[in-house]
Amino acid sequence: MEVGDKKKKRSSYPLYCFTKCCQNPPIPEMEPQPNSVISTISQHKQPGGWKAMPYILGNETFERLGTFGLGANLMVYLMREYHMEQVTAANAINIWNGITNFAPLVGAFISDAYLGRFRTIVFASCAAFLGMATVTLTAWLPHLQPPKCNLQTQSADNCISATPHQLAVLFVGLGILSIGTGGIRPCSLPFGVDQFDKTTEQGIKGVNSYYNWYYTSFTVVIMIALTVVVYIQDSVSWALGFAIPTFLMLASIFLFLIGNKIYVHVKPQGSIFSGLAQVFVAAYNKRNLSIPEQQEIIDGVFYDPPEQDSLLSKLPITNQFRFLNKAAMIEKGDVNADGSCANEWRLSSIQQIEEVKCLLKIGPVWATGIVSFTAILQQGTFTASQATIMDRHIGHNFQIPPGSITVFSMLTVGLWLPFYDSILVPALRRITKHQGGITLLQRMGIGVLFSILSMVVAGVVERDRRAAAISSPGSPISVMWLVPQLALLGFCEAFNIIGHIEFYNKEFPDRMRSIANSLFFCSFGGASYLSTFVVSIVHKVTATRDHPDWLTKDLNAGRLDYFYFLLAGMGVINLFYFLYCANRYQYKSPTPMDHKSYGDVDVELSLSKTTPS
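Keep in mind that this is a model prediction, so the values were computed, not measured.

> What am I meant to see in the overall build of the protein here?
Counting its regular elements, the protein contains 17 helices and four strands. A buried classification covers 52% of the 613 residues belonging to the protein. For the protein, restricting intrachain contacts to residue pairs at least 6 apart in sequence, the fraction spanning at least 24 positions comes to 82%. Split by element, the accessible area of the protein, about 27600 Å² in all, is 63% carbon and sulfur.

Here's what the structure looks like:
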């Protein structure tokens, strides 16, 4: 059933504008209030509710399983099967991660402006299946891989490299998978929220439970990908390890389509990005106007119509980035007789302007996540490379796959969050009198500190591992020496990543939730490209005539520990920058809507279910 169709009759409730040229427009008699209108619409759309959840969560779960199943062990796959150099493989993974994490921003725009969430998910799921099938073929068909190498030729570095054709097939598969990921990730979460009637108490509870189930399934999928899928790839068959999530992705497409008659289909209402651009254009067009003093705002020179959606909280005008306020100043001909805007590229509402200000204000804080997330990304590249040459035995017969070593950071998150939520936060709340125990910026700062500590510990461990390998070539140290740095990275995720998620969803206005979630993925995309840049620079400038570069394929000949210390130094600089930004940041003023639980406005948006600060 379609809702939000622009062709349907809209409420004739007039748009008020506080303007001298259009004051006090008449209110039609017997006009229903906005809440009544929304309730009437809700009665007709008959949300799918929990009946739709198995199809939606199933689709998201299998997409994540395929993506993480590939990404967790991709470093080993490229080095072992494609005979890539360590630096080349790390950069390839970082570039792919960057594309994958920036793609949801494009997917959100296409969904909001053109296709709608349902069709975007369908097309993206098909793309994800094709991408996974292509990568599976690279492991199944011998002519899509270079010839196998035995251990002797590998140690002599005489393995035949992959041809451009073979690499092209692999990268095309990964690229198509990124396209699918870019469409599924920004749409599956809000599409699930669409299935609940957020104007009823039952619908609000359903949305809250849906978020919990969403993040629970997310955690379970990562654990399965890091253990079962990676073990099959490493110990049984790469083709089988890729084929299983590929088949599940195909099944999820049929499963998602079966629920079509149950779903609520919200038609695209236009992208928020065009509204953001209109503010800058309008401010530029009116750059020669003089902004009145604060007390003159009540005289009605600014355009401030009521929001058509009564569930959206109104933002008051502020003096931060004051030059943008010119976009809301009303000139002759800017407002129609009914109070609506005549030209959106010449006049913006106060709400639109304040939304842009939120984006500009949060930008510097968002940038701090890029450096700290760079440390987290090393788990899937150089940490996995370290694990390949360490003693991974548990008992005599079982070996931990190199790609599974990052499961220890996930275990740290899983064990820490319940303790943090149920014990530490209540204790801190009694001391600080703050609802969340500590503020969101304090939580993020602690995460930045853990990212620095993790890289320091990683450098120390790698220095000792290298020394032991040189002194005793036949007796590698246990892979469990990597657990401390992985545990510290787990604390970094628990504080910094979850802190960012809560921060974006709390500080962004209601209408910008899609941008808030996309920014989180963009942080990892920026971290991937930063990691690629740093790795490339280190690889080029650290080689000398007598010694190879720090990141050479032979870890015992290189100095990976120096690279970790370099990342720790970058983290220290980032910490001071974060403290500067946090000290200047002003939290969004609370509105009455901030204390209501309307769907995705205040629904425990963190993995830890911690009350947002």
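> Which parts of the structure should I look at to understand the confidence of the model for the protein?
Interpretation of this model should avoid reading the predicted coordinates in detail wherever pLDDT is low. Residues of the protein with pLDDT of at least 70 account for 83%, and the chain-wide mean is 80. No element of the protein has a lower mean pLDDT than helix H1 (residues 34-45), at 38, and none a higher one than helix H17 (residues 560-584), at 95. Counting contacts from residues 592-613, a segment whose pLDDT is below 50, to residues more than four positions away or on other chains yields 68 contacts.

> Just to check I follow, could you spell out unusual backbone geometry for this structure?
A negative phi angle characterises most non-glycine residues, just as the trans form characterises most peptide bonds. Even without being glycine, His 83 reaches a positive phi, approximately 55 degrees. Relative accessible area serves as the criterion here: at 8%, His 83 is assigned to the buried category. We note that Lys 433 has phi near 60 degrees; this positive angle belongs to a residue other than glycine. Relative to the elements of secondary structure, Lys 433 occurs in the loop between helix H13 (407-432) and helix H14 (440-471).

> What exactly am I supposed to notice about the packing of helix H5 (residues 117-140) against helix H7 (residues 164-194) here?
Remark: H5 packs on H7, axes separated minimally by 7 Å, with the N-to-C direction vectors making an angle of 150 degrees. By the criterion of interaxial angle, the relationship of H5 to H7 is roughly antiparallel. In this structure, H5 crosses over H7, and the sense of that crossing is left-handed. Residues belonging to the contact of H5 with H7 are distributed by class as follows: 18 nonpolar, nine polar and two charged.

> Sorry, what's going on with the packing of aromatic side chains here?
Applying the stated criterion to the full structure yields 33 aromatic pairs. Here Phe 118 and Phe 191 contribute two aromatic rings whose centre-to-centre distance is 6.3 Å and whose plane-to-plane angle is 35 degrees, an arrangement assigned as tilted. You can see Phe 118 sitting in helix H5 and its partner Phe 191 sitting in helix H7, a full 73 residues away along the chain. Comparing Phe 118 with Phe 191, the two get one shared label, buried. Positioned over the ring face of Tyr 284 is Arg 287, at 4.1 Å from the centre of the ring. Positioned above the aromatic ring of Tyr 562 is the side chain of Arg 559, whose terminal nitrogen or guanidinium carbon lies 4.2 Å from the ring centre.

> Whenever I open this one, the environment of Val 572 confuses me. Can you help?
Looking at the secondary structure, you find Val 572 in helix H17. Spatially, the C-alpha atoms of Val 572 and Leu 453 are 9.8 Å apart, while their sequence positions differ by 119 residues.

> In this structure, what is going on with the side chain of Arg 392? I would like to understand it.
Secondary-structure assignment places Arg 392 in the loop between helix H12 (382-388) and strand E3 (393-394). Of the buried charged residues, Arg 392 lacks a salt bridge, with Asp 234 as the closest side chain of opposite charge at 4.4 Å. Of the polar contacts made by the side chain of Arg 392, one reaches the backbone oxygen of Ala 387; its length is 3.0 Å. Among the polar contacts listed, one links the side chain of Arg 392 to the backbone oxygen of Ile 400, at a separation of 2.7 Å. Residues in contact with Arg 392, not counting those within four places in the same chain, are Asp 234, Ala 387, Phe 398, Gln 399, Ile 400, Pro 401, Pro 402 and Val 479.

> How do you make sense of a nonpolar patch on the surface when you look at a structure like this?
A surface patch of nonpolar side chains, amounting to about 590 Å² of accessible area, comprises Tyr 231, Val 236, Leu 240, Ile 244, Ile 394, Phe 398 and Met 480. Those elements that provide at least two residues to the nonpolar patch are helix H8 (201-236) and helix H9 (238-258). With respect to the helices, strands and loops of the structure, Ile 394 is situated in strand E3. With a relative accessible area of 45%, Ile 394 lands in the partly exposed category.

> How should I be thinking about the environment of Cys 581 in this particular structure?
Following the sequence through the fold, Cys 581 ends up in helix H17. Spatially, the C-alpha atom of Cys 581 lies 10.0 Å from that of Ala 367, the residues being 214 residues apart in sequence.

> Help me out: how do you make sense of the pattern of salt bridges in this one?
Oppositely charged side chains are able to pair whenever their charged atoms sit close together. According to the stated counting rule, one finds nine salt bridges in the structure shown. The shortest N-O distance in the salt bridge between Arg 117 and Asp 194 comes to 2.6 Å. Taken together, the residues span a long stretch of sequence, with Arg 117 in helix H5 and Asp 194 in helix H7 at a distance of 77 residues. Look at Asp 194 and you get buried, because its relative accessible area is 12%.

> I'm lost on the nonpolar core in this one. Help?
The nonpolar side chains of soluble globular proteins are, as a tendency, buried together. Judged by nonpolar contacts, the single largest core of 117 residues is most densely connected at Phe 503, Tyr 504 and Phe 563. Ala 52, Leu 57, Phe 118 and Val 207 belong to the second largest nonpolar core, which has 18 residues in total.

> Any chance you could explain the packing of helix H2 (residues 53-71) against H7 here in plain terms?
H7 packs onto H2 with a crossing angle of 145 degrees between their chain directions and a minimal axis gap of 10 Å. For the crossing formed where H2 meets H7, the hand is left-handed. For the pair H2 and H7, the contacting residues are Met 53, Ile 56, Asn 59, Glu 60, Glu 63, Arg 64, Thr 67, Phe 68 and Leu 70 in the first and Leu 177, Thr 181, Ile 184, Arg 185, Ser 188, Phe 191 and Gly 192 in the second. Looking at the contact of H2 with H7 residue by residue, the classes come out as seven nonpolar, five polar and four charged.

> Looking at this structure, I do not really get H9. What am I missing?
Note on helix geometry: an α-helix contains 3.6 residues per turn, so any two residues three or four positions apart are oriented the same way. End to end, H9 covers 31 Å across 21 residues, agreeing with the expected 30 Å (1.5 Å per residue, within 8%). The backbone nitrogen of Ala 239 lies 3.2 Å from a side-chain oxygen of the residue at the head of H9, namely Ser 237.

> Explain the side chain of Ser 111 to me, please; I cannot follow it from the model alone.
With respect to the helices and strands, the residue Ser 111 is situated in helix H4 (residues 86-115). At 3.4 Å, the side chain of Ser 111 and the backbone nitrogen of Arg 117 are in polar contact. If we skip the residues at most four places from it in the chain, Ser 111 touches Gly 116, Arg 117, Thr 120, Cys 187 and Pro 268.

Parameters at a glance
Residues numbered from 1 in each chain as written. Predicted model: local features only at pLDDT ≥ 70, side-chain atom pairs only at ≥ 80, totals over all residues. Heavy atoms only, no water. Helix = DSSP H or I, 4+ residues; strand = E, 2+ residues; numbered from the N terminus. Buried < 20%, exposed > 50% of the residue type's maximum accessible area, 1.4 Å probe, protein only. Contact = heavy atoms within 4.5 Å. Areas by Shrake-Rupley, 256 points an atom, 1.4 Å probe, with all protein chains shown as cover. pLDDT = per-residue confidence, 0-100. Axes fitted to C-alpha atoms, helices over the stretch in contact; angles between N-to-C directions. Parallel < 35°, antiparallel > 145°, perpendicular 65-115°, else oblique. Left-handed = near helix turned anticlockwise from the far one by under 90°. Nonpolar A, V, L, I, M, F, W, Y, C, P; charged D, E, K, R; others polar. Phe/Tyr/Trp six-rings, centres within 6.5 Å; stacked < 30°, edge-to-face > 60°. Lys NZ or Arg CZ within 6 Å of the ring centre and 35° of its normal. Lys, Arg positive; Asp, Glu negative; His and termini not counted. Salt bridge = Lys/Arg side-chain N within 4 Å of Asp/Glu carboxyl O. Polar contact = N/O pair within 3.5 Å; in protein donor to acceptor, adjacent residues only side chain to side chain. Patch = residues over 30% accessible without salt bridge, like charges linked within 9 Å, V, L, I, M, F, W, Y side chains within 5 Å. Core = buried A, V, L, I, M, F, W, Y, C linked by side-chain atoms within 4.5 Å. Expected span 1.5 Å × (residues − 1).

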